Amino acid sequence: MQSNDQRAYDRGVTVFSPDGRLYQVEYAREAVKRGSPAVGVATDDAVVFAAHGRPRSPLMEPDSIEKVHDVDGRLGVATAGHVADARRLVDYGRQFAQRERLRYGEAPAVEPVAKAVADQIQESTQTGGTRPFGAALLVGGVVESVPRLYEIDPSGTPTEWRATAVGDGSEVIRSHLEAEYVAESDAGAGVSLALSALDEGTDGELRAREIDVAVLDECGYEAFDRDRRATVLDDADLSPAS
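In this numbering scheme, every chain counts its residues from 1 along its sequence in written order. Where local features are concerned, this predicted model is filtered to residues with pLDDT of at least 70; where side-chain atom pairs are given and counted, the filter is 80 or more; whole-chain, interface and lining totals use all residues. Excluded from the side-chain calculation are hydrogens and water; included are all heavy atoms of the structure.

Draft legend 1. Focus on the sheet that holds strand E3 (residues 68–70). In short, DSSP must find at least two bridges between two strands for them to pair. Starting at the N terminus, helices and strands are each numbered in turn, a helix being any DSSP run of H or I of at least four residues and a strand any DSSP run of E of at least two. Here we have five strands laid out as an open sheet, ordered E3-E4-E5-E6-E7, and antiparallel in their pairing. Strand pairing shows two members of the sheet lacking a second neighbour, E3 and strand E7 (158–160), which therefore form its edges. Averaged over all pairs of adjacent strands, the angle between their axes in this sheet comes to 25 degrees, without regard to strand direction. By the bridge criterion, three bridges tie E3 to strand E4 (residues 75–81) in an arrangement that is antiparallel. In the strand pairing of E4, aspartate 70 is matched with glycine 76. On the sheet, helix H3 (residues 83–104) packs against E3, E4 and strand E5 (135–143) and is oriented at approximately 160 degrees with respect to E4. To obtain an axis, a line is fitted to C-alpha atoms, over the contacting stretch when the element is a helix, and the angle between two such axes runs from 0 to 180 degrees between their N-to-C directions. Here a residue-residue contact requires only that any non-hydrogen atoms of the pair lie within 4.5 Å.

Written out as structure tokens, the structure is:
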């Protein structure tokens, strides 16, 4: 009987179950857990993103798998979950950032962009005829010399972190971050920490062609090319065995 009740309450995203749950939102969280992981680390002077995106086939071009995105040259987003849903949310964040630039004549801060995207996600949890976005986002950047990192889950809840992860293996990755995170560190140390944490939550060895790495600092958004990704893997003692 309980199973039948659950099936009844998960037919609509706008209906709470008797114990206060939105099953469709919980299913969206499960979709995120099946996605390749992404890690964010805020250091003294930067926010670092590292994400894993293994190709489904050796015929697939690895660089076509985008897990870390430039929002407006200063802010970035790392994603996990349904790629198409994440892409729509990244585009929404870019449009919001452009509107803020036009309206106020200056670049938007991290918090307004993160909360605007969170509002868009939350709207899908209370509107009939829609479904929740099956993606979680990390939004980060440096504004007025202060690194800020937000996580947004499929319920539309934005929370600020010093270091966190979303996607498959995120609990293992967060445990590693909690054990190894040092508050007073620079961007280089942040890259090493993000990669070592990503390695903890990923089956097999990390390869330069299968990861995305980006650093956001006072100068803006910088994505690492494949050669530089190989270099930072080597610096973190994570290069695949030859």
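Draft legend 2. Looking closely at a negative patch on the surface. A patch consists of residues exposed above 30% relative accessible area that lack any salt bridge, with like charges linked at up to 9 Å and nonpolar side chains (Val, Leu, Ile, Met, Phe, Trp, Tyr) linked at up to 5 Å. Areas reported as accessible are Shrake-Rupley estimates using a 1.4 Å probe. Residue values count occlusion only from the protein chains shown. By definition here, a salt bridge exists when the distance from a side-chain nitrogen of Lys or Arg to a carboxyl oxygen of Asp or Glu is within 4 Å. The charged-residue count follows a simple rule in which Lys and Arg add positive charge and Asp and Glu add negative charge, with His and chain termini not counted at all. Charge positions are represented by NZ for Lys, CZ for Arg, CG for Asp and CD for Glu. Together, Asp44, Asp45, Glu184, Asp186 and Glu218 make up a negatively charged patch on the protein surface. Relative to the helices and strands, aspartate 45 resides in the loop between strand E1 (38–42) and strand E2 (47–52). Between buried and exposed lies partly exposed: a residue is buried under 20% and exposed over 50% of the maximum accessible area for its type, with that area taken using a 1.4 Å probe on protein chains only. For aspartate 45, a relative accessible area of 37% gives the class partly exposed.

Draft legend 3. Inspection of the pattern of salt bridges at higher detail. One pass over the structure, following the stated rule, counts 17 salt bridges. With its nearest N and O atoms 2.8 Å apart, the salt bridge here joins arginine 103 to glutamate 100. Residue arginine 103 and its partner glutamate 100 are located together in helix H3, separated by three residues, close to a single helical turn. A relative accessible area of 53% places arginine 103 in the exposed class. Close ionic contact of arginine 148 with glutamate 111 constitutes a salt bridge, the shortest N to O distance being 3.6 Å. Placement of arginine 148 in strand E6 (residues 146–152) and of glutamate 111 in helix H4 (residues 110–123) is noted, with a sequence separation of 37 residues between them. Taken together, the shared-partner salt bridges in this structure form one network comprising Glu61, Asp63, Arg226 and Arg229.

Draft legend 4. Examining the sheet that holds strand E10 (residues 220–223) more closely. On the basis of which strands lie adjacent, the open sheet formed by five strands has the order E8-E1-E2-E9-E10 and antiparallel pairing. Both outer strands of the open sheet, strand E8 (163–166) and E10, are each paired with one neighbouring strand and no more. Adjacent strand axes in the sheet meet at a mean angle of 15 degrees when their direction is disregarded. In the sheet, E1 pairs with E2 via five bridges, with the strands oriented antiparallel. In the sheet register, alanine 42 faces E2, and the bridge partner there is valine 47. Across the sheet, helix H5 (residues 170–180) is in contact with E1 and E8; its angle to E8 comes to roughly 170 degrees.

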